[in-house]
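# Coordinate inspection notes
Here are the chains, one letter per residue:
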Amino acid sequence: MDLWIRCFGNKSLLQPVWDSLRLNYRDYLRSPLFPVVLTVSSYFVLCLPFLVCDIIGDRWAWVQRFKIQPSRRPTASTLLHCAGVTLYNHVFIVIPASVAQWVWRPPVDLPDQAPSLPELIAGVIGNLLLFDFQYFIWHLLHHRIRWLYVTFHAIHHNYSSPFALATQCLGGWELVTVGFWTTLNPVILRCHLLTTWTFMVLHVYVSIEDHCGYDFPWSTSRLIPFGIYGGPSKHDVHHQKPNTNFAPHFSHWDKIFGTHADFSFITAAK
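Not measured: the values here are computed from a predicted model.

## Details of a nonpolar patch on the surface
Taken together, the side chains of Leu87, Tyr88, Val91, Phe92, Ile95, Val99, Trp102, Val103 and Trp104 present a nonpolar region at the surface, about 1,000 Å² in accessible area. If you trace the backbone, tryptophan 104 turns up in helix 6 (residues 76-104). For tryptophan 104, a relative accessible area of 73% translates into the label exposed.

Right, dumping it as structure tokens:
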């Protein structure tokens, strides 16, 4: 009963965590640079397990069982190319934008009260759904209008067999757009800072997972029932058949607009 009250009543199960963060790391958390450091560091850390699978996974039979395209593995040159594009974008776009934000934006206020667990979960899901709609429209337009595709999005489709480091192998315009929505959406939904940071880290993870090239038993699409979440198999189809599966996370927009394709679509086509 006490746990029920803490989760759904006035007391928050997350309050001890929030108190520890805001009291011990106040200056860091208030900095406008913190969300940038959080997302960038999360990206490289969360890429590492999949990168290990890409480099030495052929020695592990159990890993190969879950490779979506087992005959196609990223080479050293493709890994270095994606790492180079990512580094370039961070040096010439992310870091200057972060410094400008640090100069112009005052430190944020940390509320005393933590969000309840249901508020945090609802906020994270709401942000994912909102971003899913925004990027679906953006993605669809950048495939249907050739100038947009060639000018801004084509670099992300250099590889028909995606891998983790290809997640942020993006043009500058796409990186800025994605970062803008990821930052703005929690403000639109009036999310608590803890909810915002949780969403940012989870969003980084599921984006990497979509591109990882592996469909493990613990993949998000296998944990969420009824096929409402796309996951790595669906996004792998998009990189093979670029006129399908435009939504980054969920499946409903592609089903509504007739652009949805299951992984069996590719299997049957071979």
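## A word on the environment of tryptophan 218
Mapping tryptophan 218 onto the fold places it in the loop between helix 10 (193-211) and helix 11 (220-223). As for tryptophan 218 and leucine 193, which are separated by 25 residues in sequence, their C-alpha atoms are 28 Å apart. Discounting residues that sit within four places of it in the chain, tryptophan 218 has contacts with Trp62, Tyr205, Glu209 and Leu223.

## Quick word on the confidence of the model for the chain
For the chain, the average pLDDT comes to 90, and 93% of its residues sit at 70 or higher. The low-confidence segment residues 1-5, where pLDDT is below 50, has four contacts with residues more than four positions distant or belonging to other chains. Long-range and interchain partners of residues 265-270, a stretch whose pLDDT sits below 50, account for six contacts in this model, where long-range means more than four residues apart.

## Here's the deal with helix 10
For helix 10, spanning 19 residues, the distance from its first C-alpha to its last is 27 Å, which sits close to the expected 27 Å at 1.5 Å a residue. With 15 of 19 residues buried, helix 10 lies mostly within the body of the structure. Where helix 10 ends, the next residue or the one after it, glycine 213, has phi of about 85°, a positive value.

## Examining unusual backbone geometry
Even without a glycine there, the phi angle at arginine 190 is positive, about 55°. Looking at the element boundaries, arginine 190 is found in the loop between helix 9 (172-188) and helix 10. Positive phi values are uncommon outside glycine, yet asparagine 245 reaches one of about 50°. Mapped onto the elements, asparagine 245 comes out in the loop between helix 12 (231-240) and helix 13 (252-257).

## Observations concerning the pattern of salt bridges
Evaluation of the coordinates by the stated rule reveals five salt bridges. When the shortest N-O distance is used, the salt bridge between arginine 22 and aspartate 19 registers 3.2 Å. Here aspartate 19 and arginine 22 lie together in helix 2 (residues 15-24), a separation of three residues that amounts to about one turn. You can call arginine 22 buried: its relative accessible area is 14%. We classify aspartate 19 as partly exposed; its relative accessible area is 23%. The closest approach of N and O atoms between lysine 234 and aspartate 262, which form a salt bridge, is 3.5 Å. You can see lysine 234 sitting in helix 12 and its partner aspartate 262 sitting in the loop between helix 13 and helix 14 (263-269), a full 28 residues away along the chain. With relative accessibility at 14%, the residue lysine 234 sits in the buried group.

The rules behind the values
- Residues numbered from 1 in each chain as written.
- Predicted model: local features only at pLDDT ≥ 70, side-chain atom pairs only at ≥ 80, totals over all residues.
- Heavy atoms only, no water.
- Patch = residues over 30% accessible without salt bridge, like charges linked within 9 Å, V, L, I, M, F, W, Y side chains within 5 Å.
- Areas by Shrake-Rupley, 256 points an atom, 1.4 Å probe, with all protein chains shown as cover.
- Salt bridge = Lys/Arg side-chain N within 4 Å of Asp/Glu carboxyl O.
- Helix = DSSP H or I, 4+ residues; strand = E, 2+ residues; numbered from the N terminus.
- Buried < 20%, exposed > 50% of the residue type's maximum accessible area, 1.4 Å probe, protein only.
- Contact = heavy atoms within 4.5 Å.
- pLDDT = per-residue confidence, 0-100.
- Expected span 1.5 Å × (residues − 1).

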